[in-house]
Every structure is written in C-alpha cells, then in structure tokens.
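Chain and residue survey
The chain contents come next:
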Amino acid sequence: MGLVFRSTNIGVFICLKCCGVHRSLGTHISKVLSVTLDEWSEEEVDSMIEIGGNASANSIYEAFVPDTCSKPGPDVSHDQRMRFIKAKYELQEFLKPSLRIKSGKRSTKSSAFLTSSLSRKIMDSFKSNSSSQKMFQEGMVEFIGLLKVTVKKGTNLAIRDLMSSDPYVDLNLGKQTLQTTVVNSNLNPVWNQELMLSVPESYGPVKLQVYDYDTFSADDIMGEADIDIQPLITSAMAFGDPEMFGDMQIGKWLKSHDNPLIDDSIINIVDGKVKQEVQIKLQNVECGELELEMEWLPLDQ
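Before going into details, it helps to say that this report is about the structure given with it. Sequence order as written defines residue numbering, which begins from 1 separately in each chain. The predicted nature of this model means local features are confined to residues of pLDDT at least 70 and side-chain atom pairs, given and counted, to a pLDDT of 80 or more, with totals for whole chains, interfaces and linings taken over all residues. Only hydrogens and water are set aside; all other atoms, that is, all heavy atoms of the structure, feed into the side-chain values.

**Quick word on the overall build of the protein**
The numbering of helices and of strands both runs from the N terminus, where a helix is a DSSP run of H or I of at least 4 residues and a strand a run of E of at least 2. Helix and strand content of the protein: six helices and 13 strands. Contacts: residue pairs with any heavy atoms within 4.5 Å of one another. Relative to all contacts within the protein whose residues are 6 or more apart in sequence, the contacts with residues 24 or more apart total 59%. When the accessible surface of the protein is split by element, carbon and sulfur atoms take 52% of a total near 15900 Å². Note on areas: Shrake-Rupley, 1.4 Å probe, and residue coverage restricted to the protein chains presented here.

Below you can see the structure in the form of structure tokens.
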C-alpha cells in the first residue's frame, strides 16, 4: 500500500498522485502532511472529524461542477489533474457562490488570510447541519453500509424565478450533505445523478430538499421530504447476500398520510442488488414531485 496524505486545512485525505499538485498550491491553500510519517495535533484530528471525510468535503467543494467538466480519474495526465484541483481549491470554481472568497491579484499573505476565511465559512456550513452535531461525540462513527441514491427527475416543480426555476437537490444524512448539479430554467428537470451516502449505525431519515439556485441572493426552497431508509436496510439485512437470490420483491415502504410517498415504494432484488424505487410529493410547497432510486451496498462491497 502506498503512502496516504492529508490536507490538514481542507480536511481531506489525498493520494500520492494528487499530493504533488496540492503541495504546488502552497500551504496557504492546502497544507499536506503524511498520514503515517507526520504527527497529528489535536486540532488537526478535530478538523478532520468535523469535516466528516472526503465525501462530505466534496459535497461542498464540488457542489457546482459544470456538465462540461469531468472529475479526473486515476489515469489522467498530470496537467488535467492540476487544472481540476486548482479550479476546485484555489479558484473555488465549484463552490456555492455564497461561500466563494475572491480577490484579484493576491499576495501569499492575503491569500492565506482569504483561504483561512474560506475554511471558516466552509466549516460553519458543516456545523450548521443541526442533525449531525452529535455524530462524533465518542470518536469516529461506526458505519453499517452505503446508500446509493440516484436522483432521477423532478416533475411540475415550483416556480421561484420569473417564469421558471434553476433546481438542484440536497441530500442530508448525519454529517453528510450532498448535492446534485443545477438544471437551469427547468420545472421538469432530469438529473439521473448518483450520490453516495455512508450510513451510520444510528441513522435517521435522509433529509431531502430542493432549491432554486440564485447567483446574487440566497437560494429559494422548492420543497422538502424525509426519506425513511429503514425498510430498505431492514429488508436487505434480512436476506443477506442478494446475489444468492433471483429477482424478487423483499419489502415495501407503505404510503401513509404522514409520509411523502405518492404510491407504495417496493423493495426488490434486481440482478443481485437490493434496490428501491421511490416517488415522492414534495412537502411544504405548492407543487412538485421527485423520482429516486435507492440501492443498499454492504460494507464488504
């Protein structure tokens, strides 16, 4: 196994290939240390725990990656990797605009100050998630599996601009907040976007919110819903390895007056995977529906 590094002021773990690019940004942007060879201070440990891992950090730093920009894989060129990392952390191009801190030509000293301010703003955005405050009270969280949520499409969403809206979806579970891309000027958006959540041992519903993206003001809420994931997880664990079974129904989340379901949500084994189709009516809004697919992934996968 190769060396693993961490960026202490960003709060993420990075591989050897990305390490060199991070170092080239300067310590005012990304302070890189080895996980095994360098010592950890209490403040650095607290910072890494507060962020909640790379997935949580990426939900902020990659909140608005344009469709024209693809995240580099392990085999891309050094130049491609450098352009993406620089755009992500130094130029802040994928951050929500309200978190961006921009200045024209900066000195290293002013850059350090601005980056510190950015780090504080991003940390505050994690802390503002009230449902996650107690997750790390006794050290690292125990996770029981992964939840892959495919946000498929929205239908008849609410108008928040003059004639339309620019919707995106927020998913929140514990310490994690993930976002889809923004679909401009569309009340019937199609995302088909996969978001991966780690499920802690003590989990609640997935909090879903739809927002209208605004450039110069706070984003407007377009509805919300609580997604109960217990039926999916309970059914999956009851059957064990789904690859041992053929396609079949193994559970159901029933529609009721106190949940957002449009119809009963069926849980199936499909091609050796536990999946659940969910159609919801958005709550606390005048109109709007959302279609999702959830898939349960045990930790051994």
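**Details of helix α4 (residues 78-90)**
A helix is expected to reach a length of 1.5 Å times the quantity of its residues less one. Relative to the 18 Å expected for 13 residues at 1.5 Å per residue, α4 spans 17 Å between its end C-alpha atoms, a close match to the ideal helical length. Whether a residue is buried, partly exposed or exposed follows from its accessible area with a 1.4 Å probe, protein chains only, as a fraction of its type maximum: under 20%, in between, or over 50%, in that order. For α4, every residue scored as buried is listed here: Arg81, Phe84, Ile85, Ala87, Lys88 and Tyr89. Where the residues of α4 are buried, they touch β2 (12-14), α1 (16-25) and α3 (54-61). Where α4 terminates, the next one or two residues include glutamine 92, which has phi positive at roughly 60 degrees.

**A few points about the pattern of salt bridges**
Any two side chains of opposite charge can pair, so long as their charged atoms come close to each other. Basic side-chain nitrogens of Lys or Arg form a salt bridge, by our definition, when they fall within 4 Å of a carboxyl oxygen of Asp or Glu. Evaluation of the coordinates by the stated rule reveals seven salt bridges. When the shortest N-O distance is used, the salt bridge between lysine 88 and glutamate 62 registers 2.7 Å. Placement of lysine 88 in helix α4 and of glutamate 62 in the loop between α3 and α4 is noted, with a sequence separation of 26 residues between them. Each member of the pair, lysine 88 together with glutamate 62, is buried. Between aspartate 226 and lysine 207 there is a salt bridge whose closest N-O contact spans 3.1 Å.

**Side note on the sheet that holds β2**
For two strands to pair, DSSP has to find at least two bridges joining them. Ordered by their spatial adjacency, three strands build an open sheet running β2-β1-β3, and the pairing between neighbours is antiparallel. Lying at the two open borders of the sheet, with one neighbouring strand each, are β2 and β3 (32-34). Across the sheet, the axes of successive neighbouring strands diverge by a mean angle of 35 degrees, strand direction being ignored. In the sheet, strand β1 (residues 5-7) pairs with β3 via three bridges, with the strands oriented antiparallel. Angles run from 0 to 180 degrees between N-to-C directions of axes, and those axes are lines fitted to C-alpha atoms, restricted for helices to the stretch in contact.

**Points about the packing of aromatic side chains**
By convention, a stacked pair of Phe, Tyr or Trp rings (six-membered ring in the case of Trp) has centres within 6.5 Å and planes under 30 degrees apart, an edge-to-face pair has planes over 60 apart, and any other such pair is tilted. Enumeration over the complete set of coordinates arrives at six aromatic pairs. Relative to tyrosine 213, the ring of phenylalanine 64 has its centre 5.0 Å away and its plane inclined at 45 degrees; by these criteria the two rings are tilted. Remark: tyrosine 213 occurs in the loop between β8 (206-212) and β9 (220-227) and phenylalanine 64 occurs in the loop between α3 and α4; sequence separation between them is 149 residues. As far as the burial class goes, phenylalanine 64 and tyrosine 213 line up, both buried.

**Examining the pairing of strand β13 (residues 289-298)**
In terms of burial, β13 is largely enclosed, as eight of its ten residues are buried. Bridge analysis of strand β4 (residues 143-155) against β13 gives ten bridges, and the strand direction is antiparallel. Considered in β13, the bridge of lysine 148 is made with glutamate 295.

**Digging into unusual backbone geometry**
Trans peptide bonds make up the majority, and among non-glycine residues the majority have a negative phi. Here asparagine 156, not a glycine, exhibits a phi torsion of approximately 55 degrees, which is positive. In this fold, asparagine 156 is placed in the loop between β4 and β5 (167-173). Note on asparagine 156: relative accessible area 46%, which makes it partly exposed. Despite not being glycine, serine 185 shows a phi value in the positive range, around 50 degrees. Looking at where serine 185 falls in the secondary structure, it is placed in the loop between β6 (176-179) and β7 (190-200). What makes serine 185 exposed here is its relative accessible area of 56%.

**A look at α1**
Since the α-helix packs 3.6 residues into each turn, any two residues three or four apart lie on the same face. Within α1, burial applies to Cys18, Cys19, Val21, His22 and Leu25. In this structure, the buried side of α1 is in contact with β1, β2, β3 and α4. Backbone geometry just downstream of α1 places glycine 26 in the positive-phi region, at approximately 95 degrees.

**Quick look at the state of the cysteines**
Cysteine sulfurs are considered disulfide-paired once they come within 2.5 Å of each other. Inspection of every chain in the model, using the stated rule, returns zero disulfides. Summary of cysteine pairing: cysteine 15 is not part of a disulfide, and the nearest cysteine sulfur, belonging to cysteine 18, is at 3.8 Å.

**Overview of the side chain of glutamate 293**
Relative to the helices and strands, glutamate 293 is located in strand β13. All tallies of charge rest on Lys and Arg as positive and Asp and Glu as negative; His and the ends of each chain are not included. Buried charged residue glutamate 293 carries no salt bridge. Nearest counter-charge: lysine 275, at 4.1 Å. Look past the residues within four positions of glutamate 293 in its chain and what remains in contact with it is Lys148, Val149, Thr150, Lys152, Lys275, Gln276 and Glu277.

**Quick look at the nonpolar core**
To qualify as a nonpolar core, a set must consist of buried Ala, Val, Leu, Ile, Met, Phe, Trp, Tyr and Cys residues joined through side-chain atoms within 4.5 Å. If you look at the biggest cluster of nonpolar residues, it comprises 39 residues, and the most contacted ones within it are Leu147, Leu208, Ile227 and Ile280. Residues in contact with leucine 208, not counting those within four places in the same chain, are Val169, Asp170, Leu171, Gly223, Glu224, Ala225, Ile227, Ile280, Leu282, Leu290 and Leu292. Ranked by size, the runner-up nonpolar core spans 17 residues in total, among them Leu25, Val32, Ala57 and Ile85.

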